[in-house]
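# Observations on the model geometry
One letter stands for each residue in the lines below.
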Amino acid sequence: MKRDFKDAIKNRRTYYSINDKSPISDEAIKEIIDFAVLNVPSSFNSQSSRIVLLLNDNHKKLWNIVKDVLRKIVPADAFPATESKIDNAFAAGYGTILFFEDQSVVEGLQNAFPSYKDNFPVWSQHTSAMHQLTIWTMLEDAGLGASLQHYNPIIDEEVAKAFNLNPKWKLIAQMPFGTPNSQPGAKEFQPLDKRVLVFK
Ligand SMILES: Cc1cc2nc3c(=O)[nH]c(=O)nc-3n(C[C@H](O)[C@H](O)[C@H](O)COP(=O)(O)O)c2cc1C
């Protein structure tokens, strides 16, 4: 990591204007994912997260699936705006990272520890979110801009079929990334004193 931890966290932003170049190699992108998958914690050390890196035609294929699914449900007069957003902000990037949670791991924990049954799906979402933040931040640190998208669950079946994925892998989020064309605007912050309490 080039930046220190605090700077890296502060610099991570949502980038919608991205292009199909990458300042780092595909191997370096894979190393970022491997690093997160190895080092991010999970409840009971269950390691339920699964990641799929889509590059080149596979990245395009994903966004074509999203468009095909949406075309069937979005009103025809609204679809051009939807399509343009997908083409320009997501498909225009260098690749997409898919975040999954393996439900066979979650179900295994529910069976092994019935008193925590209701918690395991929630904790599984938490560990996925930790992976998302880690990878998002590390991509940014490497010069890539990313955003976080949620076209699940409507695309789940088609995605699993297209990439021949284990049906027990539940899609949680999609992270398109590429080289930023421009920087995101300033962000509004709500006052910290309404959000953080300290009792001494
Ligand atoms: C849990 C979570 C879900 C999000 N889902 C979406 C999404 O579906 N689509 C999207 O464009 N942005 C999504 N975002 C991005 C937020 O809108 C964005 O992080 C927020 O506005 C702050 O901006 P920043 O990322 O530039 O700091 C999501 C962010 C989080 C943390």
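Up top is the structure.
A few points on the structure. Note that this is a predicted model, so its numbers are computed, not measured.

Okay, the pairing of strand E2 (residues 49–55) next. Most of E2 is tucked away: 5 of the 7 residues are buried. In this structure, E2 lies alongside strand E3 (residues 95–102), joined through 7 bridges in antiparallel fashion. For Leu-55, the partnering residue across the bridge sits in E3 and is Gly-95.

The next subject is the packing of helix H5 (residues 103–112) against helix H6 (residues 119–141). Relative to each other, H5 and H6 sit at 140°, their axes nearing to 9 Å. Between H5 and H6 the crossing geometry is right-handed. Residues Val-106, Leu-109 and Gln-110 of H5 pack against Phe-120, Pro-121 and Ser-124 of H6. Counted by class, the contact of H5 with H6 contains 4 nonpolar, 2 polar and no charged residues.

So, about empty space enclosed by the protein. Enumeration over the complete set of coordinates arrives at 1 cavity of 30 Å³ or more. In this structure, the largest cavity is lined by Ser-42, Ser-43, Ser-46, Ser-48, Val-106, Leu-109, Phe-120, Trp-123, Ser-124 and Thr-127. Elements with a contribution of two residues or more to the lining of the largest cavity: H5 and H6. Here the lining of the largest cavity is built from residues that sort into 4 nonpolar, 6 polar and no charged.

Conventions we followed
Within any chain, residue numbers begin from 1 and follow the written order of that chain's sequence. Thresholds applied to this predicted model are a pLDDT of at least 70 for local features of residues and 80 or more for the giving and counting of side-chain atom pairs; totals over whole chains, interfaces and linings are not thresholded and use all residues. Only hydrogens and water are set aside; all other atoms, that is, all heavy atoms of the structure, feed into the side-chain values. Accessible area is worked out with a 1.4 Å probe on protein chains only. A residue is then buried under 20% of its type maximum, exposed over 50%, and partly exposed in between. Counting from the N terminus, the helices are DSSP H or I runs at least four residues long and the strands are E runs at least two residues long. Two strands make a pair as long as DSSP finds a minimum of two bridges between them. Every axis corresponds to a line fitted to the C-alpha atoms, with the helix fit spanning only the stretch in contact, and the corresponding angles, defined between N-to-C directions, vary from 0 to 180 degrees. Left-handed describes a crossing whose near helix is turned anticlockwise from the far helix by less than a right angle; the clockwise case is right-handed. Contacts: residue pairs with any heavy atoms within 4.5 Å of one another. Only Asp, Glu, Lys and Arg are considered charged, only Ala, Val, Leu, Ile, Met, Phe, Trp, Tyr, Cys and Pro nonpolar, and every remaining residue, Gly among them, polar. Cavities and pockets were defined on a 1 Å grid built over protein atoms only: a cavity is a set of grid points that admits a 1.4 Å probe from which the probe cannot escape, a pocket is an open set flanked by protein on both sides within 12 Å along at least five of seven lines, and lining residues are those with an atom within 4 Å of any such point. Grid points are joined across faces, edges and corners, and a volume is the space filled by probe spheres set on the points.

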